[in-house]
2 protein chains.
Amino acid sequence: METLSIAKSFEGMQGVYRHRSDACQCDMTFAMFLPPQAKDRPVPLLWYLSGLTCTHQNVMDKGEYRCAAAELGIAIICPDTSPRGDHVPDEKDNWQFGSGAGFYLDATEAPWSTNYRMASYIGEELPELIAANFPVDMQRQAIFGHSMGGHGAITLALKNPGRFKSVSAFAPIARPSVAGWSRPAFEKYLGDDEAAWRAYDSVALIEDGHRVPELLVDQGKADGFLDDGLRPWLLEEACEKAGIPLQLNMRDGYDHSYFFISTFMADHIAWHAQRLG
Amino acid sequence: METLSIAKSFEGMQGVYRHRSDACQCDMTFAMFLPPQAKDRPVPLLWYLSGLTCTHQNVMDKGEYRCAAAELGIAIICPDTSPRGDHVPDEKDNWQFGSGAGFYLDATEAPWSTNYRMASYIGEELPELIAANFPVDMQRQAIFGHSMGGHGAITLALKNPGRFKSVSAFAPIARPSVAGWSRPAFEKYLGDDEAAWRAYDSVALIEDGHRVPELLVDQGKADGFLDDGLRPWLLEEACEKAGIPLQLNMRDGYDHSYFFISTFMADHIAWHAQRLG
């Protein structure tokens, strides 16, 4: 693991690291913020999964998470959203597929299946690397994310019961296997058998019996992707049927950007902090 | 004036605007955050001047000013750092001169003197535009900035007594007419007569009798530009001789980046808020 940069911020340390990934068969980069409390003891770990087109850097620059994380003593890890590299297959002009659009799943279709294994990367490989290299308490993990990363956070929590003490999302894609902007990616990564898609779809996972203890979602009402891409009411309906307590905050006037995310970032971190103990 | 983008953030509105500048003879872009209080009454205005290589966007993305500004009811304006455009002369490969390096002065030497008139732009033209277009109280202005923008903020406050209720800086260039990374710019913009440079040099202005009521400066001790470029002790010495109360906070471990700036942003905004009433 190589340190690409490190800087003091809010009395903690914001680092960027690169390592060879077996899961993705390429070098992967992630950002990790360690709060000042990590100097004295292992701290809880909150995963932030980013949305389409993002790298680790967007939320590191614009997410405004360090103030709350430093105050509450929580490490924040921000992985990349896909494998990358000259040898990694991609559709250069398609922002909804390939680089920046890994959808936190393990692709099964060639040529994508060699590298696009973000579910294994985030679910297994990266946690092992983090546990071995940083003073974090892996018994106290939580996860959240934005848009495609909100979908990723919710599906990872649903499929790994017990690993995350809590899960929340900003403007998640509630039903990516059906939404127009993500369905083509599911087809290409996972093939024609729609049954296989259900393992990476929040609503389908809940319908199929997966559960989280509760869920917090913030969604801007002025989000241009609300009606066609995100549709939180589908998640609301599924949670209601399944008896999962969902706090869905519909926010007047907010869009899909980091101006929205950063506004409610401290709220989400405080909510996770309560559950991380 | 054209609105390039606008988004709700922290219950206020973060906008980006473009207008034709007479002072700079080109289109200029700036960012303006209006806190929620601006819906009800004119709010105080805090100017943030950015450092070398920056546009309006760096601090808008990474400065983390909206939370404190919204809470305290202060508008934050973030201008660009130089004129820009195909017709504007530049030294493309020089990050310390030309585009992104206007040094908040009015150039007197050809070919720079046509466009590089940032002192007039920030000092006269932009305030008039702002007063005419936004619900801000121009009787309650303050100014701060980073590095080259810290120099800009201090020199503008020194030269415009009464206009700004308060002035502060992150890692300002204390003596730009002497420091190695800024002296060549002074030569090219202002010519060989070093007497003319004193009008844009914080320390020289103080030596020449200009005053501000007090000054707040934060400086990272791990800042790579500290010893050669910034040298806050020169400012400290000048302030002491002149009887200007200076609060100089030397911060262990912090560098020159926005990771440093954002850490102390809320402190500075609160300090200005007290003085803006």
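Residues numbered from 1 in each chain as written. Chains lettered and ligands numbered in written order. Predicted model: local features only at pLDDT ≥ 70, side-chain atom pairs only at ≥ 80, totals over all residues. Heavy atoms only, no water.

This part takes up the overall build of chain A. What chain A contains, in helices and strands, is ten helices and nine strands. Taking 277 residues into account, the globule formula puts the C-alpha radius of gyration at 19 Å, and chain A, at 17 Å, falls close to it. Its C-alpha atoms give chain A principal-axis dimensions of about 50 × 45 × 35 Å. The proportion of buried residues among the 277 residues of chain A is 61%. In chain A, 24 positive and 37 negative side-chain charges are present, and the distance between their average locations comes to 4 Å. (Helix = DSSP H or I, 4+ residues; strand = E, 2+ residues; numbered from the N terminus. Rg over C-alpha atoms; globule rule 2.2 N^0.38 Å. Buried < 20%, exposed > 50% of the residue type's maximum accessible area, 1.4 Å probe, protein only. Lys, Arg positive; Asp, Glu negative; His and termini not counted. Charge placed at Lys NZ, Arg CZ, Asp CG, Glu CD.)

Turning our attention to the packing of aromatic side chains. Aromatic rings in a pair are described by how distant their centres are and how their planes are angled relative to each other. Counted by the stated rule, this structure contains 40 aromatic pairs over all chains. Seen from their ring centres, B:Trp112 and B:Tyr116 are 5.8 Å apart, and the 75° between their planes marks the pair as edge-to-face. Since its relative accessible area comes to 9%, B:Trp112 is described here as buried. Through a chain of ring-to-ring contacts, three or more aromatic side chains come together here, namely A:Tyr48, A:Phe144, A:Phe170, A:Tyr254, A:Phe260 and A:Phe264. The side chain of A:Lys159 reaches across the aromatic face of A:Tyr200, ending 4.0 Å from its centre. (Phe/Tyr/Trp six-rings, centres within 6.5 Å; stacked < 30°, edge-to-face > 60°. Lys NZ or Arg CZ within 6 Å of the ring centre and 35° of its normal.)

With that settled, consider the relation of the copies chain B and chain A. Note on the copies: chain B fits chain A at an RMSD of 0.0 Å, the axial shift is 0.0 Å, and the rotation between them is 180°. As the rotation angle and translation indicate, the two copies are arranged about a two-fold axis. Residue B:Lys62 of chain B places its C-alpha closer to the rotation axis than any other residue of that unit, at 2.8 Å. Of all interface residues in chain B, 100% are interface residues in chain A too; the two copies therefore contact each other through one and the same surface. (Least-squares fit on C-alpha atoms with pLDDT ≥ 70 in both. Contact = heavy atoms within 4.5 Å.)

Residue and element names in this part refer to chain A. Those residues carrying the UniProt feature "active site" (unreviewed entry) are Ser 147, Asp 223 and His 256 in this numbering. For the residues just named, distributed over 110 residues, the greatest C-alpha separation is only 10.9 Å, placing them together at one site. Tracing the backbone through its elements, the reader meets Ser 147 in the loop between strand E6 (136-146) and helix H4 (148-159). We classify Ser 147 as buried; its relative accessible area is 3%. Aside from chain neighbours lying at most four places away, what touches Ser 147 is Gly 51, Phe 170, Ala 171, Pro 172, Ile 173, Trp 181, Leu 230 and His 256. (UniProt positions renumbered as here; feature names shortened; annotations may be inferred.)

What follows deals with the interface of chain B and chain A. Interface extent is often summarised as the accessible area lost during association of the parts. Facing the 19 residues of chain B at the interface are 19 residues of chain A. Scanning the region where chain B abuts chain A turns up two salt bridges. Note that A:Glu64 and B:Arg66 form a salt bridge whose closest N and O atoms lie 3.5 Å from each other. Elements with a minimum of two residues in the side of chain B that touches chain A: strand E1 (2-9), helix H1 (56-62) and helix H10 (258-276) of chain B. For the side of chain B that touches chain A, a count of residues per class yields six nonpolar, five polar and eight charged. (Salt bridge = Lys/Arg side-chain N within 4 Å of Asp/Glu carboxyl O. Nonpolar A, V, L, I, M, F, W, Y, C, P; charged D, E, K, R; others polar.)

Negative charge collects at one region of the surface, where A:Glu109, A:Glu187, A:Asp192 and A:Asp193 lie side by side. Along the chain, the position of A:Asp193 falls in the loop between helix H5 (183-190) and helix H6 (194-197). (Patch = residues over 30% accessible without salt bridge, like charges linked within 9 Å, V, L, I, M, F, W, Y side chains within 5 Å. Areas by Shrake-Rupley, 256 points an atom, 1.4 Å probe, with all protein chains shown as cover.)

Turning to unusual backbone geometry, a few remarks are in order. Across the junction of A:Ala110 and A:Pro111, the peptide omega takes the value 0°, indicating a cis bond. Along the polypeptide, A:Pro111 turns up in the loop between strand E5 (75-79) and helix H3 (118-133). With a phi close to 50°, B:Phe10 is a non-glycine residue in the positive phi region. Structurally, B:Phe10 is set in the loop between E1 and strand E2 (12-21). Residue B:Phe103 is not a glycine yet carries a positive backbone phi of 55°.

Residues and elements named next belong to chain A. Enumeration over the complete set of coordinates arrives at 30 salt bridges over all chains. Measuring nitrogen to oxygen at the nearest pair gives 3.9 Å for the salt bridge that ties Asp 90 to Lys 92. You can call Lys 92 exposed: its relative accessible area is 73%. When salt bridges with common partners are traced through the structure, they connect Arg 175, Arg 198, Asp 201, Glu 207 and Asp 208 into a single cluster.

All right, on to the side chain of B:Ser262 then. Secondary-structure assignment places B:Ser262 in helix H10. Given a relative accessible area of 3%, B:Ser262 falls into the buried group. Each residue touching B:Ser262, except ones within four places of it in the same chain, is listed here: A:Ser9, A:Phe10, B:Lys62, B:Gly63 and B:Glu64.

Okay, H5(A) next. All names here are of chain A. Of all the positions in H5, only Ala 185, Phe 186, Tyr 189 and Leu 190 are classed as buried. Angular distribution of buried residues about the axis of H5 spans 100°; they occupy a single face of the element. Looking at the packing, one finds that the buried side of H5 touches H4 and H6. Two residues or fewer after H5 comes Gly 191, characterised by a positive phi angle close to 90°. (Arc of directions from axis to C-beta.)

A separate point is the pairing of strand E7 (residues 164-170) of chain A. Residues and elements named next belong to chain A. E7 sits mainly inside the fold: six of its seven residues count as buried. Relative to E7, E6 runs parallel, the two being bridged by five bridges. Residue pairing across strands places His 146 opposite Phe 170, the latter belonging to E7. Taking the sense of rotation as the criterion, the β-α-β connection linking E6, H4 and E7 turns out right-handed. Pairing between E7 and strand E8 (residues 215-220): three bridges, direction parallel. Bridge assignment links Ser 168 to a residue of E8, and that residue is Leu 216. (Pairing = 2+ DSSP bridges. Right-handed = clockwise from strand over helix to strand, strands pointing away.)

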